[in-house]
Amino acid sequence: MAKPQKRYVCQACGSVANRWAGQCADCAEWNTLVEEVGGTVTPFQAKHNLQSGGRAMTMVGLDAEITLPERMASGIAELDRALGGGFVEGSATLIGGDPGIGKSTLLLQAAAKMALAGLPVAYVSGEEAVDQVRLRARRLGLGHSPVQLAAATSTRDILTTLGQGRPPALLVIDSIQTMHSDLIEGAPGTVSQVRASAQELIRFAKERGTAVVLVGHVTKDGSIAGPRVLEHMVDTVLSFEGERSHQYRILRAIKNRFGGTDEIGVFAMVAEGLAEVSNPSALFLTQRDEGVTGTVVFPALEGTRPVLVEIQALVVRLASGATPRRAVVGWDSGRLAMVLAVLEARCGLSFSSSEVYLNIAGGYRVQDPAADLAVAAALVSALSERPVPSDAVAFGEIALSGEIRPVAHGPLRLKEAGKLGFERALVPGAIAGDKSGLTLSGFRTLGAFVDHMLGRG
């Protein structure tokens, strides 16, 4: 007689083990292995060979003609930018973010605008009642939009309802952690339930040509909750970032099978919902009428969009024997330690007896290596109490040898700086093809750059 096959699935990472253990061998989490009952194993299944008995597939060549997928504009330019041009028919998109960041608000605005454009749109909420979604829509001024609303958590009920008539062009599931499949045992939100519900919804999207958007919860470290395989199953993964104390929000593409993963959309939270920010540099720049030591403007690059941010540094000298502190907000602390080491080893500047604080204004997070030179300029300015000219920007990558290396898309960064009224740029050497009209000061080594800032020679 066939015996049921038992397995134990980690609720944190989704790995499968044959026996229970207190600690997961893959992610090292404790007490996360939960028993799951799989299918029965018969002697025939154990000996059966899968090399025959299947359905033959049709193979196509790599050079076969193919048309580009059609896209549906969401009516929100910043959302379309992050998606690569809009929603693709039959695609699955996963969007995650902290609670209260604006995921439901953004998707409700997009659903309402697409419905007003004549597309059939369905919005299914597993966390709120229909009346709650209606009240939010009225508060956003979208109460007259013909969006079809429902409050349900059963995947079978949702797919049965949507399969009766014309499939919607856009289906929003808020959220995937609340969905439940009656084919799998377990409570909603477990690894098996999230995986099974997402798989059925994605299959519906591929078969009926519906663009499905899944809202995902996040853990305390910011990653999307549930099995990691969920991010592999979908076509696009978007991360909604931002501090609740700040007005702006950034929608960043982490994975995109139909476009680039380096584009961002910038929004501002206002009373009417999420408003698009066409010029995000205005959010991250403060008033610079007077020269302030330790502040430098850096033209960061997010995909094809340059964003000017202000880098602030503060150097506080301590009494002899005290342990200095290094605090960083919005940048990599390891990168700061490297820049400080190069400034001390190659330029003769000493920060060993001083506390160093570095901040990116506006809560923006910089990952661009081109920020090295701007950070060095802010540190030298704070240490020497010599302000950097308020009409200057700086960018470049610093090597451990003290060399200042060129970075990608220099002319694009300079062009954006020229649009906002900047007149000078501190750059690595000469930038070819510069048509921004800025006065360029090129430096090949960090020592020459420090000498220029301190007025040596």
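Rules of the game
- Residues numbered from 1 in each chain as written.
- Predicted model: local features only at pLDDT ≥ 70, side-chain atom pairs only at ≥ 80, totals over all residues.
- Heavy atoms only, no water.
- Helix = DSSP H or I, 4+ residues; strand = E, 2+ residues; numbered from the N terminus.
- Buried < 20%, exposed > 50% of the residue type's maximum accessible area, 1.4 Å probe, protein only.
- Contact = heavy atoms within 4.5 Å.
- Pairing = 2+ DSSP bridges.
- Axes fitted to C-alpha atoms, helices over the stretch in contact; angles between N-to-C directions.
- Phe/Tyr/Trp six-rings, centres within 6.5 Å; stacked < 30°, edge-to-face > 60°.
- Lys NZ or Arg CZ within 6 Å of the ring centre and 35° of its normal.
- Parallel < 35°, antiparallel > 145°, perpendicular 65-115°, else oblique.
- Nonpolar A, V, L, I, M, F, W, Y, C, P; charged D, E, K, R; others polar.
- UniProt positions renumbered as here; feature names shortened; annotations may be inferred.
- Left-handed = near helix turned anticlockwise from the far one by under 90°.

### Things to note about the side chain of Ser 239
- Assignment of secondary structure puts Ser 239 in strand β11 (residues 236–241).
- Under the relative-accessibility criterion, Ser 239 is labelled buried at 14%.
- Those residues within four positions of Ser 239 in sequence are excluded, and the remaining contacts are Gly 96, Ile 250, Leu 251, Arg 252 and Ile 254.

### A short note on the sheet that holds strand β9 (residues 170–174)
- Pairing is mixed across the open sheet formed by 9 strands, whose spatial order is β8-β7-β9-β10-β6-β11-β12-β13-β14. The open sheet has two free edges, formed respectively by β8 (148–151) and β14 (273–276), since each of these has just one partner strand. For this sheet the average axis-to-axis angle between neighbouring strands, irrespective of direction, equals 25°.
- Sheet analysis places strand β7 (residues 121–125) next to β9, joined by 5 bridges and oriented parallel. Looking across to β9, one finds that Val 121 is bridged to Leu 170.

### Here's the deal with the packing of aromatic side chains
- Within the structure shown, the criterion is met by 2 aromatic pairs.
- Between Phe 240 and Phe 267, the aromatic rings sit 6.1 Å apart at their centres with planes inclined by 80°, giving edge-to-face as the arrangement. Of the two residues, Phe 240 sits in strand β11 while Phe 267 sits in strand β13 (residues 264–270), which places them 27 residues apart along the sequence.
- Taking the relative accessible area as the measure of exposure, Phe 267 reaches 1% and is therefore buried.
- Judged by centre distance (5.3 Å) and plane angle (80°), the ring pair of Phe 443 and Phe 449 falls under edge-to-face. Phe 449 matches Phe 443 in its accessibility class, with the two residues each being buried.
- Positioned above the aromatic ring of Phe 395, the side-chain terminus of Arg 413 is 5.8 Å from the ring centre.

### Regarding the packing of helix α9 (residues 333–347) against helix α12 (residues 446–454)
- Between α9 and α12, the least distance of the axes is 10 Å, while the angle of their chain directions is 85°. Classified by the angle their axes make, α9 and α12 are roughly perpendicular. Note on element contacts: α12 touches α9 through Leu 446, Gly 447 and Val 450, opposite Val 342, Leu 343 and Cys 347.
- Among the residues forming the contact of α9 with α12, the class breakdown is 5 nonpolar, 1 polar and no charged.

### Brief notes about the UniProt feature "domain: RecA family profile" (unreviewed entry) in the chain
- As annotated in UniProt, the feature "domain: RecA family profile" (unreviewed entry) corresponds to residues 68–218 in the numbering used here.
- Here residues 68–218 is 38% helix and 20% strand, with 33 Å between the C-alpha atoms at its ends.

### Here we look at the packing of helix α10 (residues 372–384) against α12
- α12 packs onto α10 with a crossing angle of 40° between their chain directions and a minimal axis gap of 11 Å. Taken together, the axes of α10 and α12 lie oblique to each other. As α10 runs across α12, the sense of the crossing is right-handed. For the pair formed by α10 and α12, the contact residues are Leu 373, Ala 376, Ala 377, Val 380, Ser 381 and Ser 384 on the first element and Leu 446, Phe 449, Val 450, Met 453 and Leu 454 on the second.

### Description of the environment of Lys 220
- With respect to the helices and strands, the residue Lys 220 is situated in the loop between β10 (211–216) and α7 (229–233).
- What makes Lys 220 exposed here is its relative accessible area of 89%.
- When the C-alpha atoms of Lys 220 and Asp 98 are compared, they prove to be 8.6 Å apart, with 122 residues separating the residues in sequence.

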